[in-house]
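Residue strings, one per chain:
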Amino acid sequence: MEIKNTELKIQNLKCHGCANTITTQLSKLDGIGEVVVVNETDSVKFNYSNDSNLEAVIKKLSALGYPIEGENNALHQKAKSFVSCAVGRMNS
């Protein structure tokens, strides 16, 4: 099985708390590894083994309040990102 790596531009990324939540939550997904959040470029890098893993990451990011660039970024998405940020700060 080939391991692929990618970088996704995401919205609502604010701080290390956000990055901590994203790293923790994505690392729990099957087939996902080496998660790195880069605040300076509003992006997340990771390894994955198949397209369904990639889709799972995109769904998880959206559920946490960090939709990928180009996706709808409604008010409820922004609100979720503040909650994820706060949780990430408490757990860092």
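Predicted model, so just to flag it, every value in this text is computed and none were measured.

Conventions used here
- Residues numbered from 1 in each chain as written.
- Predicted model: local features only at pLDDT ≥ 70, side-chain atom pairs only at ≥ 80, totals over all residues.
- Heavy atoms only, no water.
- Helix = DSSP H or I, 4+ residues; strand = E, 2+ residues; numbered from the N terminus.
- Expected span 1.5 Å × (residues − 1).
- Buried < 20%, exposed > 50% of the residue type's maximum accessible area, 1.4 Å probe, protein only.
- Arc of directions from axis to C-beta.
- Contact = heavy atoms within 4.5 Å.
- Phe/Tyr/Trp six-rings, centres within 6.5 Å; stacked < 30°, edge-to-face > 60°.
- Lys NZ or Arg CZ within 6 Å of the ring centre and 35° of its normal.

Undergrad: Tell me about helix 3 (residues 75–90), and please be specific about residues and values.
TA: The first and last C-alpha atoms of helix 3 sit 23 Å apart over 16 residues, in line with the 22 Å expected at 1.5 Å per residue. Among the residues of helix 3, those classed as buried are Q77, S81, S84, C85 and G88. Each buried residue of helix 3 sits inside an arc of 105° when the element is viewed along its axis, so together they form one side. The exposed set on the far side of helix 3, more than 90 degrees from its buried face, consists of L75, F82, V83 and M90. The inward-facing, buried residues of helix 3 abut helix 1 (16–27) and helix 2 (51–64).

Undergrad: So what about the packing of aromatic side chains? Which residues, and what values?
TA: Inspection of every chain in the model, using the stated rule, returns 1 aromatic pair. With a centroid separation of 6.0 Å and an interplanar angle of 55°, the aromatic rings of F46 and Y48 are classed as tilted. The pair F46 / Y48 is uniform in exposure class, with both members buried. It is K14 that lies over the ring of F82; its NZ or CZ is 4.4 Å from the centre.

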